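# Descriptive structure summary
Here's the letter readout for the chains.
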Amino acid sequence: MADVIASPAAQAAKAPRHADYLTDPDFKGLWSWLTTVDHKRIGVMYLWSTLLAFLAGGIMALIVRLELMHPGEDFMNAERYNQAFTLHGAIMVFLFIIPSIPAALGNFILPLMLGAKDVAFPRLNLASYYVYVVGAIMAVVSIVVGGVDTGWTFYTPYSTTTGGAVTMMTMSVFVLGFSSIFTGINFVATVHKLRAPGMGWFQMPLFVWAIYSTAIIQVLATPVLGITMVLLVMERAFNIGIFDAQIGGDPVLFQHFFWFYSHPAVYIMILPGMAIISEIIPTFCRRTIFGYRLIALSSVAIALIGFLVWGHHMFTSGQSALAAGIFSFLTFAVAIPSAIKVFNWASTMYGASISLATPMLYAISFLLLFTIGGLTGIFLGALSVDIHLHDTYFVVAHFHYVMMGGTVIAFLGGVHYWWPKMFGRMYNDTVGRIACGLVFIGFNCTFIPQFIMGSQGMPRRYYTYLDQFQPMHQFSTFGSWILGAGLMIAAVNLLSSLRNPKNAVDNPWAGTTLEWQTQSPPITHNFIGQPSVDHDPYDYRAFKIPADAVE
């Protein structure tokens, strides 16, 4: 049982406080933000930018669900409907989920966890943000000048022949890929070169392990997507015959290229979510995490095996039985390291005195929702079942249970966990818990009916449907309203806390990793002096729990 010491808040009140990165008089004004190379400020700019994209993608989702209240046209025709769900998917995947945790929370937290003053290449870090902004603007322009109705997968031959601003949108994805690569390079170099004295590989927090594994995927897989987008643009512009069968191309080749990136991209999205959960659970259980090395190495295993499973997206494309069997086996194999993580998180919680603060409620929600998403992925990895469920709403529900039930729920947990560190302010925890409950209820009401509809044969991406599916669609739409209300309450709760004076203590949750050992918000150079590490990252047996930590 850890000891309790006198209030660090009282100690901090007596200790001299230093100007933090938000109020440093040497870095004041808008220009100082636009030209900053401080990883914390860049992380905050990424946070606001990705949250804006989340809002836009969420509004598109609500519009799509509202149109599906009844069969046939309510307020959008079929073409507008296709554009709306394409924009929802493209914005959520490329502008929000992929950059949200690594670029926003990773930028802010990773150097602090390592005991470093900044990332390895601060100017490259700023460049990655502006590349992201350019790509986002190109995506928005493509919406204004003609829209895109291909779906976020840009499948050929439709994407090479349809009208609209497909070229502009694919080039925006190409540009956004460079932002992802720059961030990945920076994190790999930072982890290798800037760890604090005494921090070996197995003294690193699990958040760092997962972000490091994510960065490897970003660097190795993203170029494939970039090349594929360029080939698609060339096909549209010059009819060079790469993907269009009428002029000698092969549309299945596009699917191979696209999913060679996009399935590892699933792990670019989910590994950072797992990274957050690995921090929240030991903190709010006040216990050393169970199976530290297995969780760390399972992140690397997911990154490596994730490169080998892309073929399970093409079981119905005519690939050979041998290839389909191998990809099915590998799909089952990639579930093992994910299951290792879930088992070790559950073992850490077993018998613990758990503090049910807002971040922990999001972590528990993640465990339940991600487990459902993972298990339904096993169904889709089985050849015989996949043939029946392919391109149905079952796939939509599975994808959202992994991406939103996993990554987005973890992102919300991470934002609530590190909010006091980032801005020095505590939010209303009761309101936060209510919002989390609404998000959990609304999410399940939205997507459980889609599992049922999919198993009964309701195709995805269809503008209209048979009358028998109307009750399920309406229930799903009502659920999306509850989900939207929960997210809005969470946003208002967090933003309203910014009006309060800085009232957060340095370590409100009794975290053991280095970011909690500096003041809230951190000073410009993160630490007074060089921190060193002399214990494992979650060693609560040697840790003194602050008396004013949240119970």
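In short, a report on the structure.

Each value, and the rule that gives it
- Residues numbered from 1 in each chain as written.
- Predicted model: local features only at pLDDT ≥ 70, side-chain atom pairs only at ≥ 80, totals over all residues.
- Heavy atoms only, no water.
- Patch = residues over 30% accessible without salt bridge, like charges linked within 9 Å, V, L, I, M, F, W, Y side chains within 5 Å.
- Areas by Shrake-Rupley, 256 points an atom, 1.4 Å probe, with all protein chains shown as cover.
- Salt bridge = Lys/Arg side-chain N within 4 Å of Asp/Glu carboxyl O.
- Helix = DSSP H or I, 4+ residues; strand = E, 2+ residues; numbered from the N terminus.
- Phe/Tyr/Trp six-rings, centres within 6.5 Å; stacked < 30°, edge-to-face > 60°.
- Lys NZ or Arg CZ within 6 Å of the ring centre and 35° of its normal.
- 1 Å grid on protein atoms, 1.4 Å probe; cavity = no way out; pocket = protein on both sides within 12 Å on 5 of 7 lines; lining within 4 Å.
- Points joined across faces, edges and corners; volume = space filled by probe spheres on them.
- Nonpolar A, V, L, I, M, F, W, Y, C, P; charged D, E, K, R; others polar.

### Looking at a nonpolar patch on the surface
Taken together, the side chains of Leu52, Leu55, Ile59, Met488 and Val492 present a nonpolar region at the surface, about 490 Å² in accessible area. Where the nonpolar patch is concerned, the elements lending two or more residues are helix H3 (39-67) and helix H16 (470-497).

### Regarding the packing of aromatic side chains
All chains considered together, the criterion is met by 43 aromatic pairs. Both rings, one in Phe478 and one in Trp481, keep their centres 5.2 Å apart while their planes meet at 70 degrees; by these two values the pair is edge-to-face. Here Phe478 and its partner Trp481 are both found in helix H16, three residues apart, which amounts to about one turn of the helix. Aromatic rings pair up to connect Phe94, Trp152, Tyr155, Phe243, Phe254, Phe257, Phe258, Trp259 and Phe399 into one cluster. The ring of Trp201 has Arg195 lying over it, and the distance from NZ or CZ to the ring centre is 4.8 Å. If you follow Arg293 out to its NZ or CZ, it ends over the ring of Phe202, 4.0 Å from the centre.

### Here we look at empty space enclosed by the protein
If you walk through the whole model with that rule in mind, you get two cavities of 30 Å³ or more. Taken as a whole, the largest cavity holds about 150 Å³ of empty space. Contributions of two or more residues to the lining of the largest cavity are made by helix H4 (78-114), helix H7 (166-193) and helix H8 (206-238). Tallying contributions element by element places H7 first for the lining of the largest cavity, with six residues. Looking at the lining of the largest cavity residue by residue, the class counts come to 11 nonpolar, six polar and no charged. The volume enclosed by the second largest cavity comes to roughly 50 Å³. In terms of lining, the second largest cavity is formed by Ala90, Ile91, Phe94, Leu95, Ala139, Met169, Ser172, Val173 and Leu176. At the level of secondary structure, the elements contributing two or more residues to the lining of the second largest cavity comprise H4 and H7. When the residues that make up the lining of the second largest cavity are grouped by side-chain class, the tally is eight nonpolar, one polar and no charged.

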